[in-house]
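# Fold and contact review
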Amino acid sequence: MSKGRFGIHGGQYIPETLMNAVLELEEAYNHYKEEEGFNRELTELFREYTGRPSRLYYAAHMTRDLKGPKIYLKREDLNHTGSHKINNVLGQALLAKKMGKTRVIAETGAGQHGVATATAAALMGMECEIFMGEEDIKRQALNVYRMRLLGAKVHGVTSGTATLKDAVSETMREWSNRISDTHYVLGSVMGPHPFPTIVRDFQSVISREIKEQILEKEGRLPDAVLACVGGGSNAMGTFYHFIEDPGVRLIGCEAAGRGIDTAETAATISTGRLGIFHGMKSYFCQDDDGQIAPVYSISAGLDYPGVGPEHAWLYDTGRAEYVPVTDEEAVDAFEYLSRTEGIIPAIESAHAVAYARKLAPSMGREQILVITISGRGDKDCAAIARYRGEDIYE
Amino acid sequence: MSNRIRSVFENGKAFLPFITCGDPSLEATEEMVYAMAEAQADLIVLGIPFSDPTAEGPVIQAANARALTGGATTDGIFAMVERIRRHTVIPLAFMTYANVVFSYRQKGAGEEQPGGIRAFIRRAAGAGVDALILPDVPFEEREEFALPCRENGIAFILQAAPAPGERISGIVQAAEGFVYCVPAPGVRRTEGMEVLVRQIRQEREIPCVIDTGSFPRSEADSLARLADGVMAGTGVVELCQRYGKGSASHVRDYVRRKKEAIGIL
């Protein structure tokens with residue numbers, strides 16, 4: 001069996017032409033992750049540039065309203081650039097720089113990862129090109145402008161369904177055309193080894209902080225942690241340091257779109273089956289011939305037909321649970337959190353808030369629930385207004 | 001490994017055209033296979049379309065999309081190959097993506113009938129396919145595919161790209177049938193391929209096949225001179241794009257021309 005396995009999942013299913021690049025990356029990562037200088041530099045960036053540690057906020061109104069456990073929000077939305085994506089991007093960009101790369105490329109769905117990558121490239125003086133589905137470019141005009149403002153070149157991808165999966169394919173193609181000076185900043189815990197591990201390690205700062213913060217505030221670990229799952233990077237970051245704590249339930253919230261009994265869904269674990277795609281063995285939405293299914297969610301960031309291999313393994317072993325959340329439930333939660341706590345979450349994160357609303361009434365008042373708010377919702381306001389039948393100009 | 005695969009390189013430099021099955025229909029593909037056999041192609045690479053061909057450029061991406069829109073299925077392609085085998089002994093290879101093989105399920109076989117890699121490969125062998133090429137399966141991941149291929153007499157073709165000598169040596173030792181040489185990106189692509197072929201030959205006597213389509217004319221010629229076989233990735237596909245169902249005669253002429261040109265290099 002090859003490297004980078006999580007149970008049967010993971011691996012390196014990529015063309016021979018990309019193998020040199022991932023082997024070089026693995027070697028560099030194994031070296032720098034232990035290096036004191038690298039870690040000091042990254043910690044400094046996290047603190048001074050991103051604004052870490054992000055707050056663990058006690059949501060008093062939501063707690064009172066749901067009459068269940070104490071609810072805490074892990075505020076990744078307060079990071080510079082507005083989402084958890086910056087954690088991974090700063091780590092990878094710094095690594096790329098140490099490797100002597102002068103150019104970074106990345107895929108993006110909602111545009112959050114593209115904005116974060118363009119930001120890191122601007123900060124570190126690197127050339128940056130972003131690949132984004134034409135459909136998403138239409139849905140996320142503001143983020144496209146932000147990327148260009150930051151000096152990145154944005155390429156529209158028209159192949160396939162012109163969404164996130166096609167952007168990933170196109171970025172992989174671009175990488176195999178130009179490797180020597182270029183690093184592919186993959187945005188989630190997916191793709192070929194070593195990406196799922198690298199991205200998880202950089203995102204694991206989320207659960208490391210939650211653990212410290214909750215011990216300080218409550219003197220004990222939470223009973224459950226919740227996060228939304230597309231490829232699964234903020235969820236992996238939220239789960240990682242709790243995997244060895246069996247008392248903590250790990251719950252991933254997938255985008256069910258119009259429902260898991262319809263074709264318009266992106267809930268991979270609920271509706272997909274085992275397959276091989278985008279460099280990894282994992283669960284994928286696909287048809288009987290193994291053709292990857294066109295998926296759908298109101299959230300461009302969760303609109304992906306696969307899930308990271310470590311999630312697939314956490315599901316197989318029963319260590320984590322994965323639940324579907326529909327567009328309607330997510331939009332309700334988007335409005336709910338805005339009104340009860342004065343926090344506008346990203347529509348992606350609203351999927352986790354939605355499930356918390358269902359789960360909380362069944363939990364005891366002495367229990368603790370942590371929800372990761374992976375990003376802020378400014379970018380979604382126009383789309384949600386449209387969903388509610390109101391046309392506004394950005 | 002079948003005797004047909006051994007025969008590919010027995011009559012001088014081989015020409016291996018690629019075609020996407022079902023572009024624009026399986027009937028058209030079948031007709032073109034006969035045309036290519038008549039024009040003395042040495043092995044025909046049959047692409048099974050995939051929704052997301054991550055290693056392909058725009059020409060073959062579009063062909064995959066046309067084939068899937070046209071209704072091509074894996075079972076339909078197996079049935080086509082069975083028909084073809086009644087008419088010709090020309091060596092045939094399947095080229096597709098790992099998931100098409102891994103997630104294969106025979107229609108109407110029911111849940112209790114296990115699908116997957118073994119079922120696909122058994123069916124391919126039964127239909128008379130001689131080799132399997134999976135662009136997204138590198139050396140490290142080969143065993144789960146190569147083992148069932150070996151058991152069923154199908155050559156699992158490995159790709160080699162310019163890389164450190166140790167890596168190439170491992171690939172060449174494990175290779176069956178021939179080595180499919182693919183270029184690494186960068187400014188010295190042609191030079192890289194020449195070095196690669198030399199390294200392979202030092203390691204072992206095994207045919208080297210190069211897809212010269214992405215090289216400028218003069219470099220393509222010098223690579224073709226070096227190789228034991230030339231694969232044409234986009235040549236036939238471009239004709240399909242242009243002539244659709246009426247491609248067979250154009251494909252026949254194209255293969256004949258290429259075969260001649262390669263023969264006198």
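So, how was this worked out
Here the residue numbering is sequential within each chain, running from 1 through the sequence in written order. Chains carry letters from A onward and ligands carry numbers from 1 onward, assigned in written order. pLDDT decides what is reported in this predicted model: residues at 70 or higher carry local features, side-chain atom pairs at 80 or more are listed and counted, and totals for whole chains, interfaces and linings draw on all residues regardless. Side-chain measures here rest on the full set of heavy atoms in the structure, leaving out hydrogens and waters. Counting from the N terminus, the helices are the DSSP runs of H or I reaching at least four residues and the strands are the DSSP runs of E reaching at least two. Every radius of gyration here is taken over C-alpha atoms, with the globule rule written as 2.2 Å times N^0.38, N being the number of residues. Categorising residues by exposure relies on relative accessible area from a 1.4 Å probe, with only protein chains included: less than 20% of the type maximum marks a residue as buried, more than 50% marks it as exposed, and the intermediate range marks it as partly exposed. Contacts are assigned to residue pairs that have any heavy atoms within 4.5 Å of one another. Residue exposure ignores everything except the shown protein chains as possible cover, and the areas themselves are Shrake-Rupley values with a 1.4 Å probe. Positive charge is attributed to Lys and Arg, negative charge to Asp and Glu, and no charge count is given to His or to the chain ends. For this purpose, a charge sits on NZ of Lys, CZ of Arg, CG of Asp or CD of Glu. For any pair of parts, buried area is found by adding up, for both, the accessible area (1.4 Å probe) each one loses once the two are put together. What makes a salt bridge here is a side-chain nitrogen of Lys or Arg within 4 Å of a carboxyl oxygen of Asp or Glu, nothing more. Residues are grouped as follows: Ala, Val, Leu, Ile, Met, Phe, Trp, Tyr, Cys and Pro are nonpolar; Asp, Glu, Lys and Arg are charged; all remaining types, including Gly, are polar. Strands are labelled as partners when DSSP assigns at least two bridges between them.

## Quick notes on the overall build of chain A
Summing up its helical and strand segments, chain A has 16 helices and 14 strands in all. Taking 2.2 N^0.38 as the reference for a compact globule, 394 residues should give roughly 21 Å; the C-alpha atoms of chain A span a radius of gyration of 19 Å, in line with that estimate. The dimensions of chain A, computed from C-alpha atoms along their principal axes, are 55 × 45 × 45 Å. Put simply, chain A has 394 residues, and 65% of those count as buried. In chain A, 73% of the contacts between residues at least 6 apart in sequence involve partners at least 24 apart. On chain A, roughly 13700 Å² of surface is accessible, and the fraction owed to carbon and sulfur atoms is 50%. Distance between charge centres in chain A, computed from 43 positive and 54 negative side chains, equals 3 Å.

## Overview of helix H7 (residues 143-151) of chain B
Listing the buried residues of H7 of chain B in full gives Phe 145, Ala 146, Pro 148 and Cys 149 of chain B. Considering only its buried residues, H7 of chain B is in contact with strand S2 (9-13) and strand S11 (273-277) of chain A together with helix H5 (98-102), helix H6 (116-127), strand S4 (131-133) and strand S5 (155-156) of chain B. Downstream of H7 of chain B by a residue or two, Gly 153 of chain B has a phi angle that is positive, lying close to 75°.

## Some remarks on the interface of chain B and chain A
With 40 residues of chain B in contact, the opposing surface of chain A contributes 35 residues. Carbon and sulfur atoms supply 48% of the area that chain B and chain A bury against each other, a total of about 2900 Å² over both sides. In this structure, the connection of chain B to chain A is made through five salt bridges. Among the salt bridges present, the one from Asp 52 of chain B reaches Lys 165 of chain A, with a minimum N-O distance of 2.6 Å. Of all the secondary structure elements, the ones that give two or more residues to the side of chain B that touches chain A are helix H3 (58-69), H5, H7, strand S6 (158-160) and helix H8 (165-174) of chain B. Per-element tally for the side of chain B that touches chain A: the top contributor is H5 of chain B, with four residues. The residue makeup of the side of chain B that touches chain A, split by class, is 22 nonpolar, nine polar and nine charged.

## So, the sheet that holds strand S12 (residues 279-284) of chain A
Residue and element names in this part refer to chain A. Taken in spatial order, the four strands line up as S1-S2-S12-S11 in an open sheet, and their pairing is antiparallel. Looking at which strands have only one partner, the edges of the open sheet turn out to be strand S1 (5-6) and S11. As paired strands, S11 and S12 are joined by five bridges and run antiparallel to one another. When the sheet's bridge partners are listed, Ile 276 is paired in S12 with Lys 281.

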